[in-house]
Each structure stands twice: as C-alpha cells, then as structure tokens.
Amino acid sequence: MKPLIALLFASLMLTSCSVQPEPKLRALIVDGQNNHNVWPKSTFMMKAYLEATGRFEVEIQRSATTWKGDKWLPSYPLTTQAPTTDLPEPQLDPDFHPNFSDYDVVISNFGWKAASWPEATKKDFETYIANGGGLVVIHAANNSFPEWDAFNKMIGVGGWGGRNEKSGPTVYYNNAGELVRDTSPGGAGHHGPQHDYQVTTRAPEHPIMQGIPAVWLHTQDELYDHLKGPAENMTILATAYSSPEFKGTDRHEPALMALDFGKGRIFHSILGHDDYSFACVGFITTFTRGTEWAATGKVTIPVPADFPTAAKASPRPFEGP
C-alpha cells in the first residue's frame, strides 16, 4: 500500500503545483497633459478597472509641465481630482522617460496639445512596441503627437493637431457596409454634441470581441469622425454610426481598433470623454479585454452579465479613491 500512497501524494502535489495563479500582467498608465479635465480621475478609473479583473498590477507615471517657462512644475498629484485652475501650456518634460521594458502594456491617457516626449523616450518607446510591447490608446490620446511618424503608425488614425490628408486616409464603413479609405483633402478630427450611441461589432472573431453583442448602446460620449492616418495593419473591431442628427457624417466611424507595429499589439478606442463615458460597462469591458490582448495576444477576461444591450445602456457607478 505504501507505493500507492506515495503515488497518490505525488499526484496531489503535482495537481497543487499546476493550479498556481499566473503572475499578474504589469501595466503602466502614462498621463499628465490632456485637454480633458477628467484625466486625473479617468486614470484612476482605468487603474481600478484593470486591477478588479485580477489580471493586472498597475502603476502611473505622470509627465510634468512648466509654470513660467523657466521653472519645472512637479508632476500633478496622483489624485482623482481635476486641476482647479488651468495648467500652463504643456511643454516638453526632459525627465519623462519611463522604463517601458518593465511593463507588459502601456496605456496612454494623454490628449490634444500634449507636449512631445524627449527624442530618447520616443526612440525607446518605438523599440519597446516593435519588440512586442503592448499599447492602449484611449479617446483623446489619438490627438497626441501628430509629428511623430511611428506613433501615427501605431494608432492607425488620429485627429486634430494639424493632421490632414497628408497624414493618410479617412477610414470608415459606408451605409452599404463597404470599408472605405477616403483620400479626400481636409483636416482630421471632428465630433458633434455628446449623446448615447450604438456600437456595432465588425470583427466578431477577434479575441477582444468574442462574446460581445453584435450591437450595444454606449453611454453619453463624443463620437469622433474624420480621423486620418496611415491605417496600416489595422483591424476595425467595431464602429459607431455618426448621425447627421448630431452633426455627424452619416457614416460608420471606427470606434475600436486593433493594430500591429512590428511584434507589438495596439488597442485603440475612441470611447471615454468624461467619467460617465468611462463608467459604461461596454467601455470597461472592451478596455480591460483590449488591454489584456495588447499585453498577451489573448483574452481571458469574461463579458459580464450587465453588458449593455442594443436598446439599453449599462453604466456602473465608480466607487474608487
């Protein structure tokens, strides 16, 4: 009997060892310069959403700006509160240089008019992504860095900042369901008044979108249109109809995108203008699943039972710091 007992003990030990939890993915949120005053709170909302999945440990690194052009202002405190007064015009922070290789994925919560990163930081970031790092770009982060060619390739399409037809085509689905790459002249970036709008899945087999309804109602948000860029190695995961009723284009604009840059993966979402937009379960779910995919190429985070339907939005109150 002793050999049998020993065999059973060894089997139990092997089973115990085999169910050890996977190490958590390391995520870095970078922010500090954004024209949307919600950015301090939205950074903490995204941090909380990622950590609630049990898959991530999350750090924040914040770029500094200047006060009078000759004195560096310390990084804005890591709080959820928006600045009580306008921060000065963003200037390049020569000390902003995260060690990107320490992380599986970087989430950008920068915005329009964010100052350029130092050249060494940009070069290291390009290498990080090309060698297999992950990037997540949220809402106004696609407005950033119009002069940075590699970043424009990473995000596929972007808005504002002087982008135009020279930046690349406008990409959308027309009302006949055809994918269009429009090279017409004109500026990039526009949105009408905020409203609830439907999001339509276009790539149901992609890991991020598996199990996501074909159509779901997103809570009040801006709906970006006329985004332009290289649009290389880009899969449109979902679109949103830009209705003329809300000063839109009468087209189905890219809302969620997946891209490759070298060996790296990028998840790009136009969603997330204000805290009520971030609180949508559709945003939370696609953001966390998109971040996991950008980090690993796979998705294990489930679609929750309270995911919105085609007719009903599903906000989830944020109870964070």
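Scoring rules and cut-offs
Residues numbered from 1 in each chain as written. Predicted model: local features only at pLDDT ≥ 70, side-chain atom pairs only at ≥ 80, totals over all residues. Heavy atoms only, no water. Salt bridge = Lys/Arg side-chain N within 4 Å of Asp/Glu carboxyl O. Helix = DSSP H or I, 4+ residues; strand = E, 2+ residues; numbered from the N terminus. Buried < 20%, exposed > 50% of the residue type's maximum accessible area, 1.4 Å probe, protein only. Phe/Tyr/Trp six-rings, centres within 6.5 Å; stacked < 30°, edge-to-face > 60°. Lys NZ or Arg CZ within 6 Å of the ring centre and 35° of its normal. Expected span 1.5 Å × (residues − 1). Arc of directions from axis to C-beta. Contact = heavy atoms within 4.5 Å. pLDDT = per-residue confidence, 0-100. Core = buried A, V, L, I, M, F, W, Y, C linked by side-chain atoms within 4.5 Å. Axes fitted to C-alpha atoms, helices over the stretch in contact; angles between N-to-C directions. Parallel < 35°, antiparallel > 145°, perpendicular 65-115°, else oblique. Left-handed = near helix turned anticlockwise from the far one by under 90°. Nonpolar A, V, L, I, M, F, W, Y, C, P; charged D, E, K, R; others polar. Pairing = 2+ DSSP bridges. Right-handed = clockwise from strand over helix to strand, strands pointing away. Polar contact = N/O pair within 3.5 Å; in protein donor to acceptor, adjacent residues only side chain to side chain.

Brief notes about the pattern of salt bridges
Thought 1: A complete count under the given rule lists nine salt bridges for this structure.
Thought 2: Linking Arg 62 and Asp 31 is a salt bridge whose minimum nitrogen-to-oxygen distance equals 2.6 Å. Taken together, the residues Arg 62 in strand β2 (residues 56–62) and Asp 31 in strand β1 (residues 25–31) connect sequence positions 31 residues apart. Pair check on accessibility: Arg 62 and Asp 31 agree, each one buried.
Thought 3: A salt bridge links Arg 316 to Asp 306; the shortest N-O distance between them is 2.8 Å. In this pair, Arg 316 sits in the segment after α6 (281–296) while Asp 306 sits in the segment after α6, placing the two residues ten residues apart along the sequence.
Thought 4: Exposure remark for Asp 306: the relative accessible area of 32% places this residue in the partly exposed category.
Thought 5: A single network of salt bridges, built from pairs that share partners, joins Glu 22, Arg 55 and Glu 292.

Thoughts on the packing of aromatic side chains
Thought 1: If you walk through the whole model with that rule in mind, you get 20 aromatic pairs.
Thought 2: A centroid spacing of 5.5 Å and a plane angle of 85 degrees characterise the contact between Trp 117 and Phe 125, whose relative ring orientation is edge-to-face. Accessibility assignment for this pair places Trp 117 and Phe 125 in one class, buried.
Thought 3: Geometrically, the ring pair formed by Trp 148 and Phe 151 is stacked, given 5.6 Å between the ring centres and 25 degrees between the ring planes.
Thought 4: Taken together, Phe 96, Phe 100, Phe 110, Trp 117, Phe 125, Tyr 128, Phe 145, Trp 148 and Phe 151 form an aromatic cluster joined through their ring pairs.
Thought 5: Over the face of the ring belonging to Tyr 173 we find Arg 202, whose NZ or CZ atom lies 4.2 Å from the ring centre.

Here's the deal with helix α3 (residues 119–130)
Thought 1: An ideal rise of 1.5 Å per residue puts 16 Å on twelve residues; α3 measures up with 16 Å between its terminal C-alpha atoms.
Thought 2: Looking at α3, one finds that the buried residues are Thr 121, Lys 122, Phe 125, Tyr 128 and Ile 129. Along α3, the residues classed as buried sweep out an arc of 125 degrees about the axis, all on the same side. Summarising the geometry of α3, the exposed residues directed more than 90 degrees from the buried face are Glu 119 and Lys 123.
Thought 3: Contacts from the buried residues of α3 go to β5 (105–108), β6 (134–138), α4 (149–155), β12 (251–261) and β13 (264–269).

Some details on the confidence of the model for the protein chain
In low-pLDDT segments, the atomic positions of the prediction should not be examined closely.
Thought 1: When the pLDDT values of the protein chain are averaged, the result is 89; 86% of them are 70 or greater.
Thought 2: Scored below 50 in pLDDT, residues 66–74 makes 16 contacts in the model with residues more than four places away or belonging to other chains.

Description of the nonpolar core
Thought 1: By size, the foremost hydrophobic cluster in this structure holds 78 residues, and its most contacted members are Ile 107, Trp 117, Phe 125, Phe 283 and Phe 287.
Thought 2: Residue contributions to this core peak at seven residues, all from α6.
Thought 3: Excluding its chain neighbours within four sequence positions, the residues that come into contact with Trp 117 are Val 30, Leu 92, Phe 96, Phe 100, Phe 110, Lys 122, Phe 125, Phe 145 and Trp 148.

Digging into the packing of helix α2 (residues 39–52) against α6
Thought 1: Relative orientation of the contacting elements α2 and α6 amounts to 70 degrees, with a least axis distance of 10 Å. One finds that α2 runs roughly perpendicular with respect to α6. In the packing of α2 onto α6, the handedness of the crossing is right-handed. Residues Met 46, Tyr 49 and Leu 50 of α2 form the contact with α6, whose own contacting residues are Phe 283, Ile 284, Phe 287, Thr 288 and Thr 291.
Thought 2: Residues of the contact of α2 with α6, tallied by class, amount to six nonpolar, two polar and no charged.

Section: α6
Thought 1: Compared with an ideal rise of 1.5 Å per residue, which puts 16 residues at 22 Å, α6 spans 22 Å between its outermost C-alpha atoms and is within 8% of the ideal.
Thought 2: Most of α6 is tucked away, with 15 of its 16 residues classed as buried.
Thought 3: Where α6 ends, the next residue or the one after it, Gly 297, has phi of about 85 degrees, a positive value.

Digging into unusual backbone geometry
Thought 1: Backbone geometry places Phe 145, a non-glycine residue, at a positive phi of 55 degrees.
Thought 2: By relative accessible area, Phe 145 is classed as buried at 1%.

So, the pairing of β1
Thought 1: Judged by how many residues are buried, β1 sits mostly within the fold: six of seven residues are covered.
Thought 2: Pairing geometry for β1 and β2, over seven bridges, is parallel. Paired with Ala 27 across the bridge in β2 is Val 58.
Thought 3: The parallel pair β1 and β2, bridged by α2, forms a crossover whose chirality is right-handed.
Thought 4: In this structure, β1 lies alongside β5, joined through four bridges in parallel fashion. Of the residues in β5, the one forming a bridge with Leu 28 is Val 106.

As for the side chain of His 195
Thought 1: Note on placement: His 195 falls in strand β9 (residues 195–201).
Thought 2: Polar contacts involving the side chain of His 195 include one to the main-chain carbonyl oxygen of Pro 193, which spans 3.0 Å.
Thought 3: Once you skip the residues sitting within four places of it in the chain, His 195 turns out to touch Thr 219, Gln 220, Asp 221, Leu 223 and Phe 246.

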